[in-house]
Amino acid sequence: MNHFLSIRDLSREEVLHLFRLTASLKGRQKAGDRGAPLAGRSMALIFEKPSLRTRVTFEVGMAQLGGAAVHLSAQEIGIGVRESVPDIARNLSRWVDIIAARTFRHETVKTLATHATVPVINGLSDLEHPCQALADLFTLWERGMDLAGTRLAWIGDGNNVCHSLLLLAALLGTPMAVATPPGYAPQSEIQAAARALGGRLTLTTDPREALEGADVLYTDVWISMGQEAEREKRLEAFQRYQLNEHLVGFAKPGAVVMHCLPAHRGEEITDAVLDGPRSVVLDQSENRLHAQKAVILHLLGGGDV
Ligand code: CP
Ligand code: NVA
């Protein structure tokens, strides 16, 4: 793996290696191990959209590994306006060891990778959010769940987070049912890629059908960053897809609730479900830190477990 732009950049063996490395890094961090494998190394962090988790976990992750991160907002560097994406990639490659970028168009993060001579990580594009999926399935794996026997239900928008989860679930043999309103299904190219990886994927417009027999329930915002103009239309289309106590009742008793956050409380999920005893959202959020440290080490060739 030279870059991490998509779950498609990983093999099943690499994912399992990254899970073991993530667990080891998490354990070392909790034990107060202050090793600095990335002393003197640095990361450029480019953001075209807002972030809490991704920015903090990359910056803190680099610091914990002994390196440093430089945050660059879109306004600051004028991506594609002040300077072209290839020129930004070529310049950054002369100063830093690795680049992470959150972009609107997936094409932008791909162009960065094409022209950079250092590894590039996708910190969320309109197509995928691979760091999130990795942290999410690690969260289930560390709970001791058998991923091949765990049924995952996605309720809501077939968006970037759903895409990466579909691909990773396929790679790990996790059956996944996706319930979206008509017109909001995951992109057909992603469905085909998941099926090509052997994914056991069910698509429906009926949330109850997806929830029946599910061990894990996942939802995300109905209006992703960049879709604000579609707000009214989307709020109406997604009304039946709110993860509330009534809908959760159709899943297996004890099913785990996931959300990548930030949540729009009262829209795609209720307070009672998000804050309830089944919710593992803060474990997911915490695990972004450890999973991304594993990805960085792996890309920089220092990822021995
Ligand atoms: N889940 C996630 O990526 O959060 P941020 O948008 O806050 O980075
Ligand atoms: N689907 C959301 C995820 C945010 C982490 C978005 O793209 O805005």
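Residues numbered from 1 in each chain as written. Chains lettered and ligands numbered in written order. Predicted model: local features only at pLDDT ≥ 70, side-chain atom pairs only at ≥ 80, totals over all residues. Heavy atoms only, no water.

Asks: How should helix α2 (residues 53-64) be read in this particular structure?
Replies: Side chains three or four residues apart in an α-helix point the same way, a direct result of the helix having 3.6 residues per turn. With twelve residues, α2 extends 16 Å between its outermost C-alpha atoms, agreeing within 8% with the 16 Å of an ideal straight helix rising 1.5 Å per residue. Of all the positions in α2, only Arg53, Thr54, Thr57, Phe58, Gly61 and Met62 are classed as buried. The arc that holds the buried residues of α2, viewed along the axis, is 140 degrees, so those residues lie on one side. Against β1 (42-47), β2 (68-73), β3 (98-102), β4 (120-122), α6 (130-142) and α13 (281-299) lie the buried residues of α2. (Helix = DSSP H or I, 4+ residues; strand = E, 2+ residues; numbered from the N terminus. Expected span 1.5 Å × (residues − 1). Buried < 20%, exposed > 50% of the residue type's maximum accessible area, 1.4 Å probe, protein only. Arc of directions from axis to C-beta. Contact = heavy atoms within 4.5 Å.)

Asks: Any chance you could explain the environment of Thr180 here in plain terms?
Replies: Mapped onto the elements, Thr180 comes out in the loop between β6 (176-179) and α8 (188-196). In the structure, Thr180 is positioned 113 residues away from Lys293 in sequence and 33 Å away in space, judged by C-alpha atoms. Polar contacts involving the side chain of Thr180 include one to the main-chain amide nitrogen of Ala185, which spans 3.4 Å. (Polar contact = N/O pair within 3.5 Å; in protein donor to acceptor, adjacent residues only side chain to side chain.)

Asks: Would you mind showing me how to read the site of ligand 1 here?
Replies: Taken together, the residues surrounding ligand 1 are Ser51, Leu52, Arg53, Thr54, Arg102, His129, Gln132, Cys260, Leu261 and Arg288. Within the contact set of ligand 1, an oxygen atom lies 2.6 Å away from a side-chain nitrogen or oxygen of Ser51. In the model, a nitrogen atom of ligand 1 is placed 2.8 Å from a nitrogen or oxygen of the Leu261 main chain. Summarising the interface, the protein chains cover 96% of the accessible area of ligand 1, which totals 260 Å² for the free molecule. Classifying every residue of the shell around ligand 1 gives three nonpolar, four polar and three charged. (Near = heavy atom within 4 Å. Areas by Shrake-Rupley, 256 points an atom, 1.4 Å probe, with all protein chains shown as cover. Nonpolar A, V, L, I, M, F, W, Y, C, P; charged D, E, K, R; others polar.)

Asks: Whenever I open this one, the environment of Phe19 confuses me. Can you help?
Replies: With respect to the helices and strands, Phe19 occurs in helix α1 (residues 12-30). Judged by its relative accessible area of 0%, Phe19 falls in the buried class. Separated by 113 residues in the primary sequence, Phe19 and Gln132 place their C-alpha atoms 13 Å from one another. Ignoring any residue separated from it by four or fewer positions in sequence, one finds Phe19 in contact with Leu134, Leu137, Phe138, Trp141, Leu147 and Leu172.

Asks: Explanation requested: the site of ligand 2 in the structure shown.
Replies: Near ligand 2, the surroundings consist of Leu124, Asn159, Asn160, Val161, Asp220, Val221, Ser224, Met225 and Leu261. Asp220 is positioned such that a nitrogen or oxygen atom in its side chain is 2.7 Å from a nitrogen atom of ligand 2. The protein chains hide 94% of the 270 Å² of surface that ligand 2 would expose on its own. Its residues placed into classes, the shell around ligand 2 shows five nonpolar, three polar and one charged.

Asks: Quick question: what am I supposed to make of the packing of α6 against helix α7 (residues 160-172) here?
Replies: Helix-helix packing: each pair is described by the crossing angle between the helix axes and the interaxial distance. Running from N to C, α6 and α7 cross one another at 50 degrees; their axes reach a closest spacing of 8 Å. Judged on the interaxial angle alone, α7 and α6 are oblique. Relative to α7, the crossing made by α6 is right-handed. Mapping the contact onto sequence places Pro130, Gln132, Ala133, Leu134, Asp136 and Leu137 in α6 and Val161, Ser164, Leu165, Leu168, Ala169 and Leu172 in α7. For the contact of α6 with α7, the residue count by class is nine nonpolar, two polar and one charged. (Axes fitted to C-alpha atoms, helices over the stretch in contact; angles between N-to-C directions. Parallel < 35°, antiparallel > 145°, perpendicular 65-115°, else oblique. Left-handed = near helix turned anticlockwise from the far one by under 90°.)

Asks: Even after reading the chapter, I still don't get the packing of aromatic side chains, so can you show me in this structure?
Replies: To describe a pair of aromatic rings, you give the distance between the ring centres and the angle between the ring planes. On inspection of all chains with the given rule, the structure shows seven aromatic pairs. Where Phe19 meets Phe138, the ring centres are 5.9 Å apart and the plane angle is 65 degrees; that geometry is what we call edge-to-face. Here Phe19, found in helix α1, pairs with Phe138, found in helix α6; they are 119 residues apart in sequence, far enough to count as distant. In this structure, Phe19 and Phe138 share a single accessibility class: buried. Each ring, one from Phe238 and one from Tyr241, has its centre 6.3 Å from the other, and the planes form 75 degrees; the classification is edge-to-face. Across this residue pair, the class does not change: Phe238 and Tyr241 are buried. Chaining the aromatic ring pairs together yields one cluster made of Tyr184, Trp222, Phe238 and Tyr241. (Phe/Tyr/Trp six-rings, centres within 6.5 Å; stacked < 30°, edge-to-face > 60°.)

Asks: When you look at the nonpolar core in this model, what are you seeing that I'm missing?
Replies: Across soluble globular proteins, nonpolar side chains show a tendency to be buried alongside one another. Phe4, Met43, Ile121, Leu134, Leu168, Met176 and Ile296 are the most contacted members of the largest nonpolar core, which has 56 residues in total. Counting 20 residues, the second-largest nonpolar core is a separate cluster that includes Ala214, Tyr241, Ala251 and Ala255. (Core = buried A, V, L, I, M, F, W, Y, C linked by side-chain atoms within 4.5 Å.)

Keep in mind these values describe shape, not function.
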